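Residue-level structure breakdown
What follows is each chain in one-letter form.
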Amino acid sequence: MLTHDELAIVHLVLNTDCNAWDLAPTSASPGVCRFCYRERNRVKTDPDTVRRVIDQVRTESEAHRVVFTGGDPVMPYNNHLEVALRHAREAGFETNLHTNGLLLSDRYAGVRDHVTLYSLAIDGPEADSADWFRGQGYFERFRSNVEFLVADRRRLAFNTFTTAASVRELPRLAEFVTGIADRTEVEYWLISQYRPIGRASAGKAELYGFERDDFVRAVDGVRGAVAPVEIFAQPTRAPEDPYPFRVWVLADGTVTADLGSVAAPRNAVIGDLLADGFEPLVRRAFALREQPQLEGIA
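How each quantity is defined
Residues numbered from 1 in each chain as written. Predicted model: local features only at pLDDT ≥ 70, side-chain atom pairs only at ≥ 80, totals over all residues. Heavy atoms only, no water. Helix = DSSP H or I, 4+ residues; strand = E, 2+ residues; numbered from the N terminus. Buried < 20%, exposed > 50% of the residue type's maximum accessible area, 1.4 Å probe, protein only. Contact = heavy atoms within 4.5 Å. Pairing = 2+ DSSP bridges. Axes fitted to C-alpha atoms, helices over the stretch in contact; angles between N-to-C directions. pLDDT = per-residue confidence, 0-100. Polar contact = N/O pair within 3.5 Å; in protein donor to acceptor, adjacent residues only side chain to side chain. Salt bridge = Lys/Arg side-chain N within 4 Å of Asp/Glu carboxyl O. Core = buried A, V, L, I, M, F, W, Y, C linked by side-chain atoms within 4.5 Å. Phe/Tyr/Trp six-rings, centres within 6.5 Å; stacked < 30°, edge-to-face > 60°. Lys NZ or Arg CZ within 6 Å of the ring centre and 35° of its normal.

**Considerations on the overall build of the protein chain**
The helix and strand inventory of the protein chain stands at 10 helices and 10 strands. Burial statistics for the protein chain: of 298 residues in total, 48% are counted as buried. For the protein chain, restricting intrachain contacts to residue pairs at least 6 apart in sequence, the fraction spanning at least 24 positions comes to 74%.

See the structure below:
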C-alpha cells in the first residue's frame, strides 16, 4: 500500500473541458483563462466506474484527500460529480472541489454535503486585474461565491496566478484573503508563477517571464499578513528543474503523472488502475521519474 508520506493527495478528473466560456470576452479580457493549457476532451465514464476507481485508490493507498479538478469539475452536464463526491466521502476521503466557481451555484445543492474544502481561483484584488486573467465578470462571480460559501460556513482555499505586474498586487490581495479568513476557515492560499509546461510561446513569456527571485520575494512578503493561512508558492522552473510529483486519476481509471519535466507537453499516461492496480502504476511513475535524474548523474 502507498503510504501517506508517499502519496497524500490524489487528483480526480471527471472532465477536462472548462466552463470559462460563461464569461464574455472583450478587448481587455479573453473569456478563457490566459494561462490555460488544458486538453479539450471529456472523460467517458459512468457512475459504477467512478465508484470502482475511488474504491481502488482507497484500497491501495493511505491518501487522505481527493482533489476534484479538470478542466473544471462543475460543468452543466452530468459528469457524475455528485456521485463521485458522495462516494469519496463515504470511502473516508476529504474532498477538495477545485473550481473557478462560475457555475457553482447551479450544482451547489447536490455537492454541498460532500465537499470538505472549496478551492476558488482569484488572481487580483479588484475586477480590472482579476477579469484580465479569466474574463469579464469573473471577479463579481467570485465575490458572490465567497459570500454564499461564507454564509454557509464552508471551508475555503484560494489559488492565484501571477504576472510581473500582478505580483505587485499580492499585498492588496492578501488583505482580501485575510478579510475572508476572519469570517470562515481558509486552509491555504496557493500562489503560482506561470509555468509553460511544454507549451511555451513568446506572448506568454512576455507576460509571465519575470524573475523567479522576484516572485519568491513577493510571496514571502505576504506570508505574515495572512497567518495562520498557509501559503504554498509555485515559482517558475527551468526545463531541467524537477516538477512536483502529482498523480491524476481520470474517472475512467486512466492514471497520469508528472514525471518531473517542465518541457513535457502533457502528463505521462501510466496505465489503467482498474486493470493494473493503483499502487503498481504509481510506483512505476516513481521509477520513471527517477530514471532521467539517475541518467543525468551517470
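**Remarks on the sheet that holds strand β6 (residues 186-193)**
If you trace the 10 strands from one edge of the open sheet to the other, you get β7-β6-β5-β4-β3-β2-β1-β8-β9-β10, paired in mixed fashion. Of all the strands in the sheet, just β7 (230-234) and β10 (268-272) have a single pairing partner and so form its edges. This sheet shows a mean twist of 25° between the axes of neighbouring strands, independent of strand direction. As paired elements, strand β4 (residues 117-121) and strand β5 (residues 156-162) share four bridges and run parallel to each other. Bridging from a neighbouring strand, S119 pairs with A157 of β5. The sheet strands contacting helix α2 (residues 81-90) are β1 (9-13), β2 (65-69) and β3 (94-99), and the helix crosses β3 at an angle near 150°.

**A closer look at the environment of R153**
As for its position among the elements, R153 is in the loop between α5 (138-151) and β5. Sequence-wise, R153 and T184 are 31 residues apart; in three dimensions their C-alpha atoms are separated by 6.1 Å.

**Remarks on the confidence of the model for the protein chain**
For the protein chain, mean pLDDT is 88; residues scoring 70 or higher make up 82% of the total. Predicted confidence is poor over residues 294-298, with pLDDT under 50, and the contacts of this stretch with residues over four places away or in other chains come to zero contacts.

**Points about the side chain of R65**
With respect to the element layout, R65 can be found in strand β2. Separated by 2.7 Å, the side chains of R65 and E94 make a polar contact. Beyond its immediate stretch of four places on either side in the chain, R65 contacts A8, I9, V10, F93, E94, N96, L117, R155, E187 and Y188.

**Quick word on the pattern of salt bridges**
Taken as a whole, this structure holds 17 salt bridges when the rule is applied. With a closest N to O distance of 2.6 Å, R112 and D113 form a salt bridge. E169 is the salt-bridge partner of R172, the closest N and O atoms lying 2.7 Å from each other. Judged by relative accessible area, which is 25%, E169 ranks as partly exposed. Overlapping salt bridges, with partners in common, bring together R65, E94, R155, E185 and E187 in one network.

**Quick notes on the nonpolar core**
Formed by 71 residues in total, the largest nonpolar core has its most connected members in F68, F158, W189, V249 and F278. If you tally residues by element for this core, the top one is α5, at six residues. Those residues in contact with F68, other than ones at most four positions away along the chain, are L12, L14, P73, L81, A84, L85, A88, T95, N96, L97 and H98.

**With respect to the packing of aromatic side chains**
Inspection of the entire model under this criterion finds nine aromatic pairs. Between Y188 and F232 the ring centres are 5.9 Å apart and the planes differ by 70°, which places this aromatic pair in the edge-to-face class. Taken together, the residues span a long stretch of sequence, with Y188 in strand β6 and F232 in strand β7 at a distance of 44 residues. Residue Y188 is classed as buried on the basis of its relative accessible area of 12%. On the basis of an interplanar angle of 55° and a centroid distance of 6.5 Å, the ring pair of F210 and F215 is categorised as tilted. The residues F210 and F215 share a single accessibility class, namely buried. Joined through ring pairs, the aromatic side chains of F139, F142, F158 and F176 make up one cluster. Over the ring of Y138 we find R134; its NZ or CZ atom is 5.5 Å from the centre of that ring.

**Considerations on the pairing of strand β9 (residues 254-257)**
Here β9 shows a buried face lined by T254 and T256 and a second buried face lined by V255 and A257. Here three bridges tie strand β8 (residues 247-250) to β9, and the two strands are oriented antiparallel to one another. Within β9, the residue paired with W248 across the bridge is T256. Linking two consecutive strands that pair antiparallel, namely β8 and β9, is a turn of three residues; a positive phi of about 105° is found at G253 within it. Across four bridges, the pairing between β9 and β10 is antiparallel. Counterpart to T254 in the pairing with β10 is D272.

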